[in-house]
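Fold and geometry: a report
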Amino acid sequence: MIKLKDIKLGVVLSCFLMAMPVLAANYFMPEVVGSSAYMVRQGHVQGFTPLSSVLFENPAGLHMTNRNSVSLFSTTLMNEVNYRSFSASKRVPGWGVFALGYMGLGVEGIPYINHQSFDGVESYSVSGSFSYLSQLFKMGYQFSMSDRFHLGLAGNYYRTKFDTVSGSGYNFDIGVYFDYKKVDVSYVLKNVLSSRDIKYQDTQGGSDLNKAGSSQGRMEELLLESVLSMKYDRQRWRALAQLRKVEGHSFVKNASLRYVLFDELLEVSAGYREEPLTRMINEDYITRQDVDRSFTLGVGLTLFGLNLDYALEKNLKAELRHLDFEQFHYFSLGVSL
Amino acid sequence: MQLNLRKTCRISSLTTGVLALLFCLLVPLNELGFALQIQQVSSSRMVQHATGLVGKYSRFANQRSKSRFDKRLHVVNFGFGSTVNTNGVTSSLGPNLLSSVEEESVEAKVEEGPFCYPNPVRQDEGGEIVYRLSKNMDIELRIYNMRGQLMFKKMHNKGGNGGLKQPNWNKIPINVETFMFGGQGSDSHFLSAGVYFILLVHQDKVLGKGKMVVKP
């Protein structure tokens, strides 16, 4: 007689096996901002947020949530990029935890530019504006094999829309979580389906000289990402470390230290984050793999099932910072019942 | 006759110069500096006399905030000039007043832009980042992604493409050779579709901002 637990384990193992073949990808993931201020303040170490927003980090981490959990996260980057995140989870006795999540990243007022040339005199002017929106819809499920071993799956649906262009694609994440008293280990593979890309449609027609060509049928690939994180508890201290590999980039490291006060009512934390990216900042027009390094500071308050978190993030290299916005501030709210 | 005319020119020029000097001394300006100049240029066809004042003065553009004042340095030529042809016929005679704003003192600013043309721009077709500057200056073009991470940085020198003053539009090409749409390194790749933020920086000061969208 095959047990339900064995079927669940079989599904998860099959997913791991399907993830083996890998393709290059370069879709801009809205998740890079972070799932909550809680996650940001701990150096973006993933998998240990005790709220429904852990769905965006590692679906197996949903086992830490209460019977019902809701998380809200909103921030504006550089006075331009509006970022919203919402997630909710519900524990169903005997089945596990089900969760839903949404992330949206939008920019308004992007100008259309008109070019005119008359008698050798050129002019460029703004002739209107459009907006950009990138969305991620997520659906997750977590179940526990035992008190110490937890598994999770999440389906992702990506959607991007701007001007006459729209793109969509789907993929899924698979995660495990080991809970060994003082040591917790989280491992997640994101975008495990190697054959699933973002496909674009473009309704632009005609031959407008002020417009670029159509993007109809174009594709962007979703990056496979693997994240191994560890947490160590010792009295009032929590030490976290993470190794992360994004396809096509080298390993990056994250770490943080948390200190809890007043019976876990208040928590202060400091973190270090590395983020891989390809950039061209030299005079030789050569793109290079680089790593952005930043530090984070933050504080969290947990009161009557309410979680309030604040995080500050600043790039370690002054020359790489935005000149007008040297640091970013994040606030998030979570409710656990 | 020719000699008398030249003498008259010289006397008139001196008188004008002295009057101009007195005028300038009476005007309450923040900074003042004038020099009396007598000049004669002769060739086989003509003799030119110019006498008067070449001066510079500046005013505080922003009187309210002395700590953040901007000076505009004006160059004034005020005097008397004459051009006498070798046949004795005077082709021009009279006072001369010229005023200009010295290049170094012009406020460094972006007059128009930066714009990305076309916007959105497609990766493999390329485009241009265009802007107009108030004066020739070193300008750094920076591009940030939606996370505020610096993706591209390039310095454009004063007077060259990218650092030219108006009315010229500076045009920075966006294509696979010059931008990070491929680049020339082994790690080259297409830029992800999305919004990018353009900054024009002069001496660590942001002079202009713009938004561009890359379409796949």
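For clarity, every value in this text was computed on a predicted model and none was experimentally measured.

What follows concerns the confidence of the model for chain B. All names here are of chain B. When pLDDT is averaged across chain B, the result is 71; 46% of the residues are at 70 or more. When mean pLDDT is compared element by element in chain B, strand 11 (residues 194-202) scores highest at 95, while helix 1 (residues 2-26) scores lowest at 52. A low-confidence stretch, residues 59-72 (pLDDT under 50), is modelled with 24 contacts involving residues beyond four sequence positions or located in other chains. Confidence estimates for the predicted assembly give a pTM of 0.78 and an ipTM of 0.89.

Moving on, we get to the layout of surface pockets. Residue and element names in this part refer to chain A. Looking at the second largest pocket, its volume works out to about 450 Å³. Around the second largest pocket, the lining comprises 23 residues; the ones closest to its centre are Tyr38, Pro50, Arg258, Glu264 and Thr302. Of all the secondary-structure elements, those providing two or more residues to the lining of the second largest pocket are helix 2 (37-41), strand 10 (225-234), strand 12 (251-261), strand 14 (288-303) and strand 15 (306-315). Looking at the lining of the second largest pocket, the element that brings in the most residues is strand 14, giving three residues. Residues belonging to the lining of the second largest pocket are distributed by class as follows: seven nonpolar, seven polar and nine charged.

Residues Gly113 of chain B and Pro114 of chain B are joined by a peptide bond in cis, for which omega reads 5 degrees. Positionally, Pro114 of chain B belongs in strand 5 (residues 110-117). The amide bond that connects Tyr117 of chain B to the next residue, Pro118 of chain B, takes the cis arrangement and shows omega of -10 degrees. Of note, Pro118 of chain B is situated in the loop between strand 5 and strand 6 (121-122). Despite not being glycine, Asp163 of chain A shows a phi value in the positive range, around 45 degrees. When you line up the elements, Asp163 of chain A lands in the loop between strand 5 (149-162) and strand 6 (165-180). With a phi close to 55 degrees, Asp263 of chain A is a non-glycine residue in the positive phi region. Along the chain, the position of Asp263 of chain A falls in the loop between strand 12 and strand 13 (266-279).

Interface size, as often reported, equals the accessible area lost upon joining of the parts. Contacts between chain A and chain B engage 66 residues on the former and 57 residues on the latter. The contact between chain A and chain B buries some 5100 Å² in all, and 58% of this surface belongs to carbon and sulfur atoms. Counting every contact that joins chain A to chain B gives five salt bridges. Across the pair Asp202 of chain A and Lys215 of chain B runs a salt bridge, and its minimum N-O distance is 3.0 Å. Linking chain A with chain B are 23 residue pairs in polar contact (both at pLDDT 80 or more), by the criterion used here. Going through the elements one at a time, strand 3 (96-118), strand 4 (121-144), strand 8 (197-202), strand 13, strand 14 and strand 16 (327-336) of chain A are the ones with two or more residues in the side of chain A that touches chain B.

Moving on to the environment of Gln201 of chain A. Residue and element names in this part refer to chain A. Along the chain, the position of Gln201 falls in strand 8. Accessibility expressed as a relative area gives 36% for Gln201, which makes it partly exposed. When sequence neighbours within four positions are dropped, the list of residues in contact with Gln201 reads Thr164, Val165, Ser166 and Gln216.

The next subject is the side chain of Glu274 of chain A. All names here are of chain A. Relative to the assigned elements, Glu274 resides in strand 13. From its side chain, Glu274 meets the backbone nitrogen of Lys253 in a polar contact 2.9 Å long. At a separation of 3.5 Å, a polar atom in the side chain of Glu274 contacts the side chain of Arg293. Excluding residues that lie within four positions of it along the chain, Glu274 makes contacts with Arg244, Val252, Lys253, Asn254, Val291, Asp292 and Arg293.

Residues and elements named next belong to chain B. Inspection of the secondary structure puts Glu112 in strand 5. With relative accessibility at 28%, the residue Glu112 sits in the partly exposed group. Considered as a pair, Glu112 and Leu150 are 38 residues apart in the sequence and their alpha carbons are 23 Å apart. A distance of 2.7 Å separates polar atoms of two side chains, one belonging to Glu112 and the other to Arg132.

A few words on the packing of aromatic side chains. All names here are of chain A. The full count for this structure, using the stated rule, is 17 aromatic pairs over all chains. For the pair Phe48 and Tyr177, a centre-to-centre distance of 5.8 Å together with 70 degrees between the ring planes defines the contact as edge-to-face. With a gap of 129 residues between them, Phe48 in the loop between helix 2 and strand 1 (68-77) and Tyr177 in strand 6 connect regions that are remote in the sequence. Using a relative accessible area of 1% as the deciding quantity, one classes Phe48 as buried. Judged by its relative accessible area of 0%, Tyr177 is buried. With a centroid separation of 6.0 Å and an interplanar angle of 40 degrees, the aromatic rings of Phe73 and Tyr330 are classed as tilted. Placement of the pair is Phe73 in strand 1 and Tyr330 in strand 16, with a sequence separation of 257 residues. Looking at Phe73, the relative accessible area reads 2%, which means it is buried. With a relative accessible area of 0%, Tyr330 lands in the buried category.

Turning our attention to the sheet that holds strand 7 (residues 127-133) of chain B. Residue and element names in this part refer to chain B. With antiparallel pairing, the three strands of this open sheet are ordered in space as 5-7-10. In the strand order of this sheet, the two ends are held by strand 5 and strand 10 (170-174), each with one partner. Looking at each pair of strands side by side, their axes are set apart by 10 degrees on average, direction ignored. Examined bridge by bridge, strand 7 and strand 10 share five bridges and lie antiparallel to one another. Paired with Tyr131 across the bridge in strand 10 is Asn170.

The rules we used
Residues numbered from 1 in each chain as written. Chains lettered and ligands numbered in written order. Predicted model: local features only at pLDDT ≥ 70, side-chain atom pairs only at ≥ 80, totals over all residues. Heavy atoms only, no water. pLDDT = per-residue confidence, 0-100. Helix = DSSP H or I, 4+ residues; strand = E, 2+ residues; numbered from the N terminus. Contact = heavy atoms within 4.5 Å. 1 Å grid on protein atoms, 1.4 Å probe; cavity = no way out; pocket = protein on both sides within 12 Å on 5 of 7 lines; lining within 4 Å. Points joined across faces, edges and corners; volume = space filled by probe spheres on them. Nonpolar A, V, L, I, M, F, W, Y, C, P; charged D, E, K, R; others polar. Buried area = accessible area lost by both parts, 1.4 Å probe. Salt bridge = Lys/Arg side-chain N within 4 Å of Asp/Glu carboxyl O. Polar contact = N/O pair within 3.5 Å; in protein donor to acceptor, adjacent residues only side chain to side chain. Buried < 20%, exposed > 50% of the residue type's maximum accessible area, 1.4 Å probe, protein only. Phe/Tyr/Trp six-rings, centres within 6.5 Å; stacked < 30°, edge-to-face > 60°. Pairing = 2+ DSSP bridges. Axes fitted to C-alpha atoms, helices over the stretch in contact; angles between N-to-C directions.

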